[in-house]
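Residue-level listing of the chains:
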Amino acid sequence: MTKYEMDIKVLGLIEELNPNSEFLTDDPDIATKKDEVMNQVMFELARLKKIPRYVELDVMEGDLINFDKLERACGSEVYQIAKVSGVRHEEKAQGTVIKVLESGTAEIDLYIYPERITEKTKARAYEFELSPDALEIMPFGVAGDLLKSDVSTNYGRIYTEEYERKLQRLDPRYSMPTISFEDGWDI
């Protein structure tokens, strides 16, 4: 989904959509804060429904691999290291640094933060990195936050409650564990 499509979903949900406007809304307050609110909700969803990446690095015994090195290798801001294989290693600094104990190729599964939306972001070109299920609940979080200061209506609270309800149902897994039996096991 593109940012442009998300803008339409959010603004349509809160009944502020004007397709003829350059900003898709006539409300200057909403136009001003929409992108930063979208970042906040997107980053929250990325911590719950993590965005996986895989990196291979040629390493030497004694190398220290930190988030900066991983970010250069994958081109994204790293959130968490999930798994390291291929070489013997130790995790240091609460799992934010990998100390390599043998030379070889380190195979690293990690999670990243999505690319931040800025004033330079082109709405039609920006593709969200979140999974489709996370993107379906994102408009409710953005709508709730955009309308939270509107005390004349309860729409902000209503959208926030709906977002929180949907968050509880969000499945953080990408795959289901499987078990297979071979050679005629009896259970």
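Coordinates for the structure precede this section.
First, a word on scope: everything that follows refers to the structure included in this document. Quick caveat, the model's predicted, so the values are computed rather than measured.

Focus on the packing of aromatic side chains
Next up, step 1: Within this structure, the stated rule accounts for 4 aromatic pairs.
Next up, step 2: A cation over a ring is seen here: Arg124 above Tyr4, with NZ or CZ 3.7 Å from the ring centre.

Looking at the sheet that holds strand β6 (residues 104-112)
Next up, step 1: Taken in spatial order, the 3 strands make up an open sheet running β1-β6-β3, and their pairing is antiparallel. For this open sheet the edge positions go to β1 (51-59) and β3 (78-85), each flanked by a neighbour on one side alone. Going from strand to strand, the sheet's axes swing by 30° on average, the running direction of each strand aside.
Next up, step 2: Pairing of β3 with β6 involves 6 bridges; the strand directions are antiparallel. Within the sheet, the bridge partner assigned to Val78 lies in β6 and is Ile112.

Description of unusual backbone geometry
With the exception of glycine, most residues fall at negative phi, and the peptide bonds are largely trans.
Next up, step 1: Here Glu15, not a glycine, exhibits a phi torsion of approximately 60°, which is positive.
Next up, step 2: Here Glu15 is to be found in the loop between α1 (3-13) and α2 (28-48).
Next up, step 3: Phi at Gln94 takes a positive value of approximately 60°, unusual for a residue other than glycine.
Next up, step 4: Take Gln94: it is sitting in the loop between β4 (89-92) and β5 (97-100).

Quick look at the nonpolar core
Next up, step 1: Leu45, Ile65, Ile108, Phe128, Leu130 and Met138 are the most contacted members of the largest nonpolar core, which has 47 residues in total.
Next up, step 2: Put simply, the parts of the chain that give this core at least two residues each are α1, α2, β1, β3, β5, β6, α4 (132-146) and α5 (155-169).
Next up, step 3: What Phe128 contacts, discounting residues up to four positions off in sequence, is Met1, Thr2, Lys3, Met6, Met38, Met42, Ile117, Leu135 and Met138.

Overview of the sheet that holds β5
Next up, step 1: The antiparallel open sheet is built from 3 strands, whose spatial order is β2-β5-β4. Edge positions in the sheet fall to β2 (64-65) and β4, since each of these pairs with one other strand and no more.
Next up, step 2: Across 2 bridges, β2 lies against β5 in antiparallel orientation. Along β5, the bridge assignment pairs Ile65 with Ile98.

Some words on the pattern of salt bridges
Next up, step 1: Under the defined criterion, the tally for this structure stands at 15 salt bridges.
Next up, step 2: Residue Asp7 is joined to Lys3 by a salt bridge in which the shortest nitrogen-to-oxygen separation is 2.8 Å. With a gap of 4 residues between them, Asp7 and Lys3 both fall in helix α1, about one helical turn apart. With respect to burial, Asp7 and Lys3 carry one shared label: buried.
Next up, step 3: One network of salt bridges, in which partners are shared, links Lys3, Asp7, Lys34 and Asp35.

How each quantity is defined
- Residues numbered from 1 in each chain as written.
- Predicted model: local features only at pLDDT ≥ 70, side-chain atom pairs only at ≥ 80, totals over all residues.
- Heavy atoms only, no water.
- Phe/Tyr/Trp six-rings, centres within 6.5 Å; stacked < 30°, edge-to-face > 60°.
- Lys NZ or Arg CZ within 6 Å of the ring centre and 35° of its normal.
- Pairing = 2+ DSSP bridges.
- Helix = DSSP H or I, 4+ residues; strand = E, 2+ residues; numbered from the N terminus.
- Axes fitted to C-alpha atoms, helices over the stretch in contact; angles between N-to-C directions.
- Core = buried A, V, L, I, M, F, W, Y, C linked by side-chain atoms within 4.5 Å.
- Buried < 20%, exposed > 50% of the residue type's maximum accessible area, 1.4 Å probe, protein only.
- Contact = heavy atoms within 4.5 Å.
- Salt bridge = Lys/Arg side-chain N within 4 Å of Asp/Glu carboxyl O.

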